[in-house]
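Results of the structural survey
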Amino acid sequence: HYSGLEEAVYRNIQACKELAQTTRTAYGPNGMNKMVINHLEKLFVTNDAATILRELEVQHPAAKMLVMASHMQEQEVGDGTNFVLVFAGVLLELAEDLLRMGLSVSEASYIVIEGYEKACKKALEILPDLVCCSAKNLRDIEEVASLLHTSVMSKQYGNEHFLAKLIAQACVSILPDSGHFNVDNIRVCKIVGAGISASSVLHGMVFKKETEGDVTSVKDAKIAVYSCPFDGMITETKGTVLIKNAEELMNFSKGEENLMDLQVKAIADSGANVVVTGGKVADMALHYANKYSLMLVRLNTKWDLRRLCKTVGATALPRLTPPTLEEMGHCDSVYLSEVGDTQVVVFKHEKDGGAISTILIRGSTDNLMDDIERAVDDGVNTFKVLTRDKRLVPGGGATEIELAKQITSFGETCPGLDQYAIKKFAEAFEAIPRALAENSGVKANEVISKLYAVHQEGNKNVGFDIEAEAAAVKDMLEAGVLDTYLGKFWGIKLATNAAVTVLRVDQIIMAKPAGGPKPPSGKKDWDEDQND
C-alpha cells in the first residue's frame, strides 16, 4: 500500500510512460503509422511525433510536461521530437524501479534527480568526442542531400534519395551569403495527381489560382502589388443623385468609367505589366486591365501577398496609385500553367539566388502529400541546424550505445547512492536502438549485445543496420546515417529536464470548484427592514 503522495508520483510516471509508448512504435524508418483523428474530426496518418502530439489533446498535467519538452525540441531543432519523448519516457520508467527499492519516495526522488542531472551533464561533456564528421560545403547539392537522408528517411523510407535531393536544391538555391537561413523561405505547394517522383523545385512562388483577366503569360514581368481591392474609389458618405433624363444617366456612369480608365492607364504607363491584388476585382477594372494588356492575379491572404512581395522585391500599395520603379517588383516570368488538372500561377526566377523557393509536391492522396510535406519540413530544419553547427554524430543507435557505455563506467566511479541513478540513465539510452530493432522486427536484446561488443573494441561509429534481415550492425559513417550534433544535444537536455520536472512533483492540485451541494441562494434584501 502506498501513501497518497507515493500514489501521485507513480500515477504521474504511468501517464508519461503511456504517452511515450504511443510514439515509441513510430520511431525510426520502420516505425508504424498512427491514425489520429483530432477534435475537428480531421484524419492524420503519420509517424511524425510532433504532428501526433499536436493533434492529441493530452489532458494529464505530468504527460503535458513531456509534450512541452517535445515542442521545445521542435522549435529549437525542428526534428528529433520522438527521441525526446521516448528517452524521457524510459528515464521515468527506470526511475520507477529505483523508487520501488524501499527508500521513501521523497528521499528516492532526490537521489534519482541528482543522479540524472549528473549523468546528463556527463553525457553532454562526452557528446563532442563522438562527432564523426562535419559538413564541409553547404552550397554543394550532392553533399547536402547526403546529409539530409537520415531525417527524411525516418518519415519517407524508400523515397529519401529523391526527396533529399529536392530539398537540397531548394535550400542551396536560397542560402544567403550571410549564412542566415530562414525556414519560412521554402514554400510547399501540394497538387493531387501523378506520383512522388513527379515532384519538382521552382525558384519563385506557385499559387493554386487562376488569372482574373485575358492575359495569362508575361515575360520580364514588372509587378505592381496592391493590398486593396482592384476597384474604383467608394465615397465615404452616401449621396443621393436625382437623374431627370436618359442623357444624365449616361453621363453619370461615364464619369466613373473615365476615372477607372485613367487609373488603370496610369498603372500601365508606369511600366507595370502584372497587377497582384489582395481584394476583389471589379468587372469594370477587369475590362480596362484587359484593354491595356495587364495580367491580373488575385491572392486571398495577406501572408501570400507578403511572401510574394519578398520574392519579387515589391512594396504592397494600400491604394490604386501608379507604382514608382522602387515599389515595383521584378521576376523573369509570370504565367498560368496547369499541373494535373489544377490551374496554378507561377512567379518564376530563372537564376538561383532568389528570396524564396517552392517545392511542388505531387501525390495520389492528400494524406500522402501531407506526410511528404512533414518530411520536407524536417529536411529543411536539418539544413538550418547545419548552418548553425556543421558537426554530425553517427545515427542508428551508435551514439546512444557509446554514451551508455561511457556513462556506465562513470557511474561505477561515483561513491554515493546516486550511482544507481547514473547507471539507469545510461541504460535509458538503450531504448533508442531497442525501438529501432523492435520496429524492424528484430530481436532487440541480440542487437544491443552486438552493439556493446563492437563498441568495447573501440568502434564508436557502429550502429544497428535496419536493412539487414537479422540482428546486424554496420558502420554508420560509411552508410551515411548521420544525426546532427545539435539535435542530439538538445534532445538529451530537454528529455532529462522533462523527466526531472515530473519526478519533482508529488501532488497535482487542480483549481476546480469543490463538489457537494450548492450553497443556498438566499432571498435578496433579507436584511432590509420590512416596514419601510
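On a predicted model such as this, the values are computed, not experimentally measured, just so you know.

**Brief notes about the overall build of the protein chain**
Helix and strand content of the protein chain: 17 helices and 16 strands. Relative to the globule expectation of 24 Å for 532 residues, the C-alpha radius of gyration of the protein chain, 31 Å, shows a markedly less compact shape. Taking the principal axes of its C-alpha atoms as reference, the protein chain extends roughly 105 × 95 × 40 Å. The buried share among the 532 residues of the protein chain stands at 50%. A fraction of 75% describes how many contacts in the protein chain between residues 6 or more apart in sequence connect residues 24 or more apart. Working note: accessible area of the protein chain is about 26,400 Å², and carbon and sulfur atoms make up 52% of it. In the protein chain, 56 side chains carry a positive charge and 73 a negative one; their mean positions are 1 Å apart.

**A short note on the packing of helix α6 (residues 141–153) against helix α11 (residues 366–388)**
Here α6 crosses α11 at 130°, and the two axes come no closer than 9 Å. Here α11 runs oblique to α6, going by the angle between their axes. Like other packed secondary-structure pairs, α6 and α11 cross with a definite hand, here right-handed. Residues Val144, Leu147, Leu148, Ser151 and Val152 of α6 form the contact with α11, whose own contacting residues are Ala375, Asp378, Gly379, Thr382, Phe383 and Leu386.

**Here's the deal with the side chain of Thr46**
Examined against the element boundaries, Thr46 turns out to sit in strand β2 (residues 43–46). Reaching out from Thr46, the side chain makes a polar contact with the side chain of Arg374 at a distance of 3.3 Å. Setting aside residues up to four positions removed in sequence, Thr46 forms contacts with Asn33, Lys34, Thr51, Ile52, Asp371 and Arg374.

**Focus on the packing of aromatic side chains**
For the coordinates displayed, the defined rule picks out nine aromatic pairs. On the basis of an interplanar angle of 15° and a centroid distance of 5.7 Å, the ring pair of Phe83 and Phe87 is categorised as stacked. Of this pair, Phe83 and Phe87 both sit in helix α4 (residues 81–99), four residues apart, which is roughly one turn of that helix. In this structure Phe83 comes out as buried when scored by relative accessible area, which is 5%. Between the aromatic rings of Phe207 and Phe347, the centroid separation amounts to 5.9 Å while the plane-to-plane angle is 85°, which identifies the pairing as edge-to-face. With Phe207 in strand β5 (residues 200–207) and Phe347 in strand β11 (residues 342–348), the pair connects residues that are 140 residues apart, well separated along the chain. Members of the aromatic cluster, each reached through a chain of ring pairs, are Phe83, Phe87, Tyr116, Phe425 and Phe429. Here Arg391 stacks its cationic end above the ring of Tyr485, 4.0 Å away from the centre of that ring.

**A few points about the pattern of salt bridges**
Scanning all chains against the criterion turns up 25 salt bridges. With its nearest N and O atoms 2.8 Å apart, the salt bridge here joins Asp370 to Lys190. Of this pair, Asp370 sits in helix α11 while Lys190 sits in strand β4 (residues 186–192), and the two are 180 residues apart along the sequence. Judged by relative accessible area, which is 18%, Asp370 ranks as buried. Among the ionic pairs, Lys222 bridges to Asp220, the shortest N-O distance being 3.5 Å.

**Quick word on helix α7 (residues 160–173)**
With 14 residues, α7 should reach 20 Å at 1.5 Å per residue; the first-to-last C-alpha distance of 20 Å fits that figure. For α7, the tally of buried residues reaches ten of 14 residues, placing the bulk of the element in the interior. Those residues of α7 lying buried are Glu160, Leu163, Ala164, Leu166, Ile167, Ala168, Ala170, Cys171, Val172 and Ser173.

**Focus: the sheet that holds strand β16 (residues 482–484)**
Pairing within the open sheet is antiparallel, and its three strands lie in the order β3-β13-β16. What marks the edges here is a single partner per strand, and that holds for β3 (133–134) and β16.

**Here's the deal with a negative patch on the surface**
On the surface, a cluster of negative charge is contributed by Glu210, Glu212, Glu338 and Asp341. Position of Asp341 among the secondary structure elements: in the loop between β10 (329–339) and β11. Judged by relative accessible area, which is 66%, Asp341 ranks as exposed.

**Re α6**
An ideal rise of 1.5 Å per residue puts 18 Å on 13 residues; α6 measures up with 18 Å between its terminal C-alpha atoms. For α6, the principal kink sits at Leu147 and spans about 35°. Most of α6 is tucked away, with ten of its 13 residues classed as buried. Structurally, α6 contributes buried residues whose contacts are with α7, α11, β13 (391–394) and β16. Measuring from the side-chain oxygen of the N-cap residue of α6 to the backbone nitrogen of Glu142 gives 3.2 Å; that N-cap residue is Asp140.

Criteria and thresholds
Sequence positions are assigned chain by chain, starting from 1 and proceeding in written order. Side-chain atom pairs in this predicted model are given and counted only at pLDDT of 80 or more, local residue features only at pLDDT of at least 70, and totals for whole chains, interfaces and linings cover all residues. The basis for every side-chain value is the complete set of non-hydrogen atoms in the structure, without hydrogens or water. Helical segments are the DSSP runs of H or I of at least four residues, strand segments are the runs of E of at least two, and each set is numbered from the N terminus. In this treatment the radius of gyration is a C-alpha quantity, and the globule benchmark scales as 2.2 Å times the residue count to the 0.38 power. Throughout this description, buried means an accessible area under 20% of the type-specific maximum (1.4 Å probe, protein chains only), exposed means over 50%, and partly exposed covers the range between. Working rule for contacts: check all heavy atoms of both residues, and any pair within 4.5 Å makes them a contact. Only the protein chains shown count as covering a residue, and every accessible area follows the Shrake-Rupley method with a 1.4 Å probe. Neither His nor the chain ends is counted toward charge; the positive residues are Lys and Arg and the negative residues Asp and Glu. The atoms used to mark charge sites are NZ of Lys, CZ of Arg, CG of Asp and CD of Glu. Whenever a helix is involved, its axis is fitted only over the stretch in contact; in every case the axis is a line through C-alpha atoms, and angles between N-to-C directions fall within 0 to 180 degrees. Roughly parallel means an angle under 35 degrees; roughly antiparallel, over 145; roughly perpendicular, 65 to 115; everything else is oblique. Crossing handedness: left-handed means the near helix sits turned counterclockwise from the far one by under a right angle, and right-handed means the same turn made clockwise. Side-chain atoms alone can form a polar contact between residues adjacent in sequence; in general such a contact is a pair of N or O atoms within 3.5 Å, and within protein one must be able to donate a hydrogen while the other accepts it. The criterion for an aromatic pair is that two Phe, Tyr or Trp rings (for Trp, the six-membered ring) have centres within 6.5 Å, with stacked assigned to planes under 30 degrees apart, edge-to-face to planes over 60 apart and tilted to the rest. Charge over a ring is defined by NZ of Lys or CZ of Arg lying within 6 Å of the ring centre and within 35 degrees of the ring normal. Definition used for salt bridges: Asp or Glu carboxyl oxygen within 4 Å of a side-chain nitrogen of Lys or Arg. Multiplying one less than the number of residues by 1.5 Å gives the expected span of a helix. Strands were regarded as paired on the criterion that DSSP finds at least two bridges between them. Each patch groups residues whose relative accessible area exceeds 30% and which form no salt bridge, using 9 Å between like charges and 5 Å between nonpolar side chains of Val, Leu, Ile, Met, Phe, Trp and Tyr. The term bend refers to the angle at a residue between two fitted axes, each drawn through seven residues, those ending there and those starting there.

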